[in-house]
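# Tertiary structure, described
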Amino acid sequence: MAYVSIEGLTKNFKGNPPTTAVDDLHLEIEEGEFLVLLGPSGCGKTTTLRCLAGLERPAEGRIVAGSSTVYDSARRVDVAPDKRSIGMVFQSYALWPHMTVRKNIRYPLAARHLRDKIKDGSVERIAEAVHCGGLLDRYPAQLSGGQQQRVALARGLVSEPDLVLFDEPLSNLDARLRQQVRAELHELHRTRPFTAVFVTHDQSEALSLGQRMAIMRTGTIEQIGNPREVFEHPVSDYVAEFIGMSERLELTRNGDGWSCDGQALEANGNHVPISAPAGVVRLRPDDLRLVEDLSLLRDNELGLEATVMDVSYGGRHLDVSVQLTGSDTRVNAQVSTKSSGGQLDRWATGERTVIAFELRNARYFELESSLAVAA
Ligand SMILES: Nc1ncnc2c1ncn2[C@@H]1O[C@H](COP(=O)(O)OP(=O)(O)O)[C@@H](O)[C@H]1O
Ligand SMILES: [Mg+2]
């Protein structure tokens with residue numbers, strides 16, 4: 001049986017227009033599992049967490065955490081937030097400014113009268129685990145952003161709750177710190193496992209932290225699986241876009257072959273697995289290659305003629321935006337600066353080019369339903 005189980009969770013907000021923020025959501029989390037909820041702004045991630053924590057009252061559904069039912073609309077069960085064994089870490093660190101780090105971390109233990117834990121050194125141990133052991137007597141204002149976020153992590157974990165909820169806790173940190181605290185959190189979970197739901201809109205954070213990841217769309221879960229499954233086999237056009245397959249081409253059947261915006265595609269022996277008269281192909285920008293003309297395509301590649309619209313330098317790569325010839329479809333290619341032999345000026349705005357890609361790197365979706373077709 002799952003450790004945390006969410007069944008048919010629905011939360012509406014009044015307003016003009018009314019919103020169904022969470023829409024018949026089902027989710028099961030195993031004990032010790034680190035589950036990531038990934039989705040764009042407004043898809044219902046925070047509302048889902050707030051329902052779990054008891055900070056919002058759902059219209060429908062049932063939530064079981066550990067051994068207790070904390071919410072059940074049918075049986076009118078609604079356990080108060082402070083009676084649920086749930087730790088929370090938010091985007092804003094929300095530390096008490098007038099309390100030392102020690103008192104901030106101790107707060108959840110004091111609020112729940114867990115005196116034994118206060119005495120047994122839990123505060124000091126968790127502070128050590130998040131590398132804040134030396135900061136216990138400081139005040140939040142005397143800490144850097146990264147240190148404050150580590151203290152917030154310690155506070156969320158100190159009482160060893162049944163479930164720890166994280167709402168985009170790393171997004172306020174600068175890029176380098178975000179990477180560092182992310183790695184520390186990963187290690188912490190590996191060495192002292194706890195059950196977690198971690199919300200983010202950042203796909204790389206989701207891939208690196210999640211043992212499973214759930215992709216959310218308008219209040220429901222569109223796909224759930226381990227990061228590799230989701231990354232390699234997105235079930236829909238929506239999921240594909242969200243996990244980095246940002247480039248989208250619509251193909252239509254053209255006799256025995258296919259065309260894209262009026263350009264015929266040489267199939268080169270490649271099999272396009274779409275059976276409908278039209279479909280969608282999704283690709284990652286770094287799976288696209290730019291070549292001078294169609295004669296330079298490799299055996300297993302397809303190509304489309306285009307014009308370079310913009311080039312920007314990205315360090316290890318160039319971002320080249322092209323527009324397909326005879327259409328207004330834009331495609332962005334990420335071209336390695338290593339593989340282009342350091343020829344940073346090879347592509348210039350206004351130049352003719354060909355985007356080349358291998359069909360095995362693409363994922364296919366039905367145009368109507370946006371659902372994946374098996375390759
Ligand atoms: N207190 C509220 N009152 C009205 N609408 C809300 C409230 N909180 C959230 N919403 C709406 O519910 C939807 C989901 O919001 P939220 O859960 O915050 O999304 P996310 O965290 O994924 O960005 C959004 O459309 C948002 O505008
Ligand atoms: Mg949110």
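Residues numbered from 1 in each chain as written. Chains lettered and ligands numbered in written order. Predicted model: local features only at pLDDT ≥ 70, side-chain atom pairs only at ≥ 80, totals over all residues. Heavy atoms only, no water.

Labelled according to an unreviewed UniProt entry, the chain appears under the name Trehalose import ATP-binding protein SugC, originating from Gordonia mangrovi. Turning to the chain, the UniProt annotation filed under Subunit (unreviewed entry) states: "Monomer. Homodimerizes in the presence of ATP. The complex is composed of two ATP-binding proteins (SugC), two transmembrane proteins (SugA and SugB) and a solute-binding protein (LpqY)." (UniProt positions renumbered as here; feature names shortened; annotations may be inferred.)

## Describing the site of ligand 1
Taken together, Phe13, Thr19, Ala21, Pro40, Ser41, Gly42, Cys43, Gly44, Lys45, Thr46 and Thr47 make up all the residues around ligand 1. Contact between ligand 1 and lysine 45: an oxygen atom at 2.9 Å from a side-chain N or O atom of the residue. Contact between ligand 1 and threonine 46: an oxygen atom at 2.8 Å from a side-chain N or O atom of the residue. Contact with the protein chains hides 61% of the accessible area of ligand 1, taken as 560 Å² for the molecule alone. Those elements giving two or more residues to the shell around ligand 1 turn out to be strand 2 (19-29) and helix 1 (45-53). Residue contributions to the shell around ligand 1 peak at three residues, all from helix 1. (Near = heavy atom within 4 Å. Polar contact = N/O pair within 3.5 Å; in protein donor to acceptor, adjacent residues only side chain to side chain. Areas by Shrake-Rupley, 256 points an atom, 1.4 Å probe, with all protein chains shown as cover. Helix = DSSP H or I, 4+ residues; strand = E, 2+ residues; numbered from the N terminus.)

## Considerations on the environment of lysine 45
Of note, lysine 45 is situated in helix 1. With relative accessibility at 5%, the residue lysine 45 sits in the buried group. In the structure, lysine 45 is positioned 133 residues away from arginine 178 in sequence and 20 Å away in space, judged by C-alpha atoms. When near neighbours in sequence (up to four residues on either side) are disregarded, lysine 45 contacts Leu37, Leu38, Gly39, Pro40, Glu168, Val199, Thr200 and Met216. There is a polar contact of 2.9 Å between the side chain of lysine 45 and the backbone oxygen of proline 40. (Buried < 20%, exposed > 50% of the residue type's maximum accessible area, 1.4 Å probe, protein only. Contact = heavy atoms within 4.5 Å.)

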